[in-house]
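Survey of secondary and tertiary structure
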Amino acid sequence: MSDEKTGHENGRQAGTILIRRHSVVTRVTHWLNVLCLTALLLSGLQIFNAHPELYWGQYGADGDPAFLTIGSAEDKGGLRGFVRAGGIEVPTTGFLGISSFEGEPTARAFPAWLTIPSDQDLATGRRWHFFFAWLFVINGAAYLRSGFLSGHFRRDLAPRRGQLSASYLWHEIVTHARLRFPEGEEARHYNVLQKLTYLVVIAGFLPMMVLTGLTMSPGVDAAFPALLDLFGGRQTARTIHFITASLLVKFVLVHVAMVVLSGAWNNMRSMITGRYAIRESGPKA
Amino acid sequence: MTTLSRRRFMIGSTLGATVAALAGYGALKQDAGATVLRSAEQLTMRAQRLLQGRGALAREFSEADISPSFRVNGSTMPDSDEYAALLDGKFADWRLKIDGLVVQPREFSLTDLKKLPARTQITRHDCVEGWSAIGKWTGVPLGSLLRSVGLKPSARFAVLHCADELEKTLDGSGRYYESIDLIDAFHPQTILAYAMNGKDLAVGHGAPLRLRVERQLGYKQAKYVMRIEIVDSFGGLWGGSGGYWEDRGYEWYAGI
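Residues numbered from 1 in each chain as written. Chains lettered and ligands numbered in written order. Predicted model: local features only at pLDDT ≥ 70, side-chain atom pairs only at ≥ 80, totals over all residues.

1. Remarks on the overall build of chain B
Within chain B one finds six helices and 10 strands. Burial statistics for chain B: of 256 residues in total, 39% are counted as buried. Considering only intrachain contacts with a sequence separation of at least 6, the fraction spanning at least 24 residues in chain B is 69%. (Helix = DSSP H or I, 4+ residues; strand = E, 2+ residues; numbered from the N terminus. Buried ≥ 20, exposed ≤ 12 C-beta atoms within 10 Å, placed from the backbone. Contact = placed C-beta atoms within 7 Å.)

2. Brief notes about the domain arrangement of chain A
All names here are of chain A. When its domains are assigned, chain A resolves into domain 1 (8-61 + 113-279) and domain 2 (62-109). Spacing between the C-alpha centres of domain 1 and domain 2 amounts to 30 Å. Classifying every residue of the side of domain 1 that touches domain 2 by side-chain character gives seven nonpolar, four polar and one charged. (Domains from an automatic or database assignment. Nonpolar A, V, L, I, M, F, W, Y, C, P; charged D, E, K, R; others polar.)

3. Considering the sheet that holds strand β1 (residues 95-100) of chain B
All names here are of chain B. The strand order across the open sheet formed by five strands is β2-β1-β10-β5-β6, and the pairing between neighbours is mixed. The two strands at the open ends of the sheet, each matched to only one other strand, are β2 (106-109) and β6 (175-181). The average undirected angle you get between the axes of adjacent strands in this sheet is 20 degrees. Pairing analysis gives six bridges linking strand β5 (residues 157-165) to β6, with the strands arranged antiparallel. Residue pairing in the sheet places Ala-158 in a bridge with Ile-180 of β6. (Pairing = 2+ DSSP bridges. Axes fitted to C-alpha atoms, helices over the stretch in contact; angles between N-to-C directions.)

4. A short note on the packing of helix α2 (residues 122-149) of chain A against helix α2 (residues 31-52) of chain B
Relative placement of two packed helices is described by the angle separating their axes and the distance separating the axes. With their axes 8 Å apart at the nearest point, α2(A) and α2(B) run at an angle of 65 degrees to one another. Taken together, the axes of α2(A) and α2(B) are roughly perpendicular relative to one another. As α2(A) runs across α2(B), the sense of the crossing is left-handed. Facing α2(A), whose interface residues are A:Arg127, A:Trp128, A:Phe130, A:Phe131 and A:Trp134, α2(B) presents B:Leu37, B:Arg38, B:Ala40, B:Leu43 and B:Thr44. Class assignment for the residues of the contact of α2(A) with α2(B) results in seven nonpolar, one polar and two charged. (Parallel < 35°, antiparallel > 145°, perpendicular 65-115°, else oblique. Left-handed = near helix turned anticlockwise from the far one by under 90°.)

5. Quick notes on the interface of chain B and chain A
Residue-level contacts link 43 residues of chain B with 35 residues of chain A. Sorting the residues of the side of chain B that touches chain A by element identifies α1 (3-27), α2, β3 (119-126) and β4 (132-141) of chain B as the ones contributing at least two each. Take the side of chain B that touches chain A: its biggest share by element is eight residues, from α2(B). Grouping the amino acids of the side of chain B that touches chain A by side-chain chemistry returns 19 nonpolar, 13 polar and 11 charged.

6. So, the environment of A:Gly94
Residue and element names in this part refer to chain A. Its place among the elements puts Gly-94 in the loop between β5 (88-91) and β6 (97-101). With 13 C-beta atoms counted inside 10 Å, the residue Gly-94 sits in the partly exposed group. Put simply, Gly-94 and Arg-180 are 86 residues apart on the chain and 38 Å apart in space, counted from C-alpha to C-alpha.

7. Side note on the sheet that holds strand β3 (residues 68-75) of chain A
One open sheet holds the four strands; their spatial order is β2-β3-β4-β5 (chain A), and the pairing between them is antiparallel. Only two strands of the sheet have a single neighbouring strand rather than two, namely β2 (53-54) and β5 of chain A.

8. Re the environment of A:Val24
All names here are of chain A. Relative to the elements of secondary structure, Val-24 occurs in helix α1 (residues 24-50). A tally of 11 C-beta atoms within 10 Å means that Val-24 is categorised as exposed. Between the C-alpha atom of Val-24 and that of Ile-272, which follows or precedes it by 248 residues, the distance is 8.7 Å.

9. What about unusual backbone geometry?
Cis peptide bonds are those with omega within 30 degrees of zero, and the linkage from A:Ile116 to A:Pro117 qualifies with -15 degrees. Structurally, A:Pro117 is set in the loop between β7 (104-108) and α2. A cis amide bond, omega 5 degrees, links B:Ala207 with the succeeding residue B:Pro208. Non-glycine residue B:Tyr224 carries a positive phi angle of around 50 degrees. By secondary structure assignment, the location of B:Tyr224 is in the loop between β9 (210-212) and β10 (225-231).

Okay, structure coming up:
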């Protein structure tokens with residue numbers, strides 16, 4: 001890692017240095033991933049809308065007990081939308097089940113502003129989904145290959161000795177909760193909560209999305225029947241696909257919040273140009 | 001180049017690339033973009049065929065796994081006098097025609113088909129919408145029928161012409177049809193089923209005969225099959241995309 005002292009020409013106060021934070025592979029694959037996951041999520045909601053119920057097991061269709069339903073019903077008060085899970089029904093009119101499309105209350109699970117394309121069009125939604133699924137897999141494979149070969153995973157993501165002790169983790173959680181972020185030398189590296197979160201996403205959530213997605217394919221099931229045993233059926237895989245997608249959405253919300261809270265511009269610059277400003281250790285300026 | 005201007009250049013070029021990417025993203029809604037999106041279908045088909053080989057079988061389940069109710073989808077009853085008459089006669093006058101690029105075009109009655117060696121399989125039916133149902137199908141392997149008529153060297157696809165019109169149109173373009181290539185046509189689990197869950201196929205499920213092509217989605221499983229035409233290309237049929245749903249934007253290769 002080559003650190004670069006910045007002089008007066010960029011107008012920065014002395015004591016702040018720019019370090020190279022992210023490799024070009026990390027940056028390019030990160031932004032392609034943003035593009036892919038956005039397209040996959042929004043087209044995925046379009047696909048979900050074609051049959052807005054989730055089941056456990058090998059089969060599941062209308063009439064079979066559903067784990068989750070996003071539906072609509074008409075009663076005296078007019079159309080109402082609801083989400084039903086585990087015997088509990090929550091009214092969601094206006095957002096889920098019933099939402100406005102071109103000025104009309106329309107029965108659809110996810111609203112038009114959350115789906116690609118915005119009108120109900122499963123065929124087009126599928127084309128978007130599978131195109132960006134391929135791009136996502138190719139991008140992910142390039143990232144993984146580079147991460148192993150360059151030592152990025154070992155150097156930057158693997159927790160260091162002592163970082164996994166309960167007392168250290170608790171300390172990190174408390175300082176994060178107070179929105180106090182590492183400075184100086186400590187800011188040169190990911191903190192342990194970042195490492196663990198990124199590892200869960202990279203090694204857990206994202207591969208889970210691919211595997212559960214593939215398990216929904218009758219063609220892939222014929223090639224790899226073990227996938228059906230791994231997840232306990234196509235409908236279970238579909239349900240896990242949906243749950244994992246919602247976990248990824250939660251990750252992105254927290255991730256973006258942390259980016260903003262810990263220095264939006266500095267973080268954004270580091271993921272675009274690779275350079276990240278830290279305060280030099282030693283006497284404070 | 002000073003650090004400042006180099007950095008500006010890098011930021012500027014990255015932002016520029018992002019804007020260009022977003023513009024390209026917007027353009028995907030246009031026709032050229034649709035072609036790009038469609039390119040993934042070929043990739044999917046090639047990858048799946050490579051991983052499957054010709055013979056990989058779809059999972060077969062046990063009797064205990066059969067869905068308590070199997071959703072009737074698409075047409076529930078072909079709306080034509082011809083079909084009504086066939087149904088009235090318990091399909092005694094129904095004939096399956098196999099023609100096109102074959103050596104010896106033939107017709108089969110339902111009784112003929114039931115006399116041929118049959119295959120029974122309990123498989124999962126996956127609708128493109130996302131639901132699945134498991135059923136037991138009994139029928140004649142399509143491959144054995146095709147061998148009995150003999151294929152000409154130029155044969156590439158089997159087109160299944162159906163009795164149902166899913167969309168009422170003046171020109172008949174709403175008539176259901178499907179096509180599969182010869183790899184799927186000769187796959188051991190590709191059968192023309194006349195029985196479901198141990199009984200004659202119900203009207204809602206495609207009586208008297210439907211296709212089961214188990215490594216693909218539900219819309220490939222053509223119901224009310226009347227005629228199988230062997231062709232070298234389906235480009236000249238109806239919308240030219242090889243099937244009713246394919247003509248309406250769905251993938252011809254429905255393995256995912």
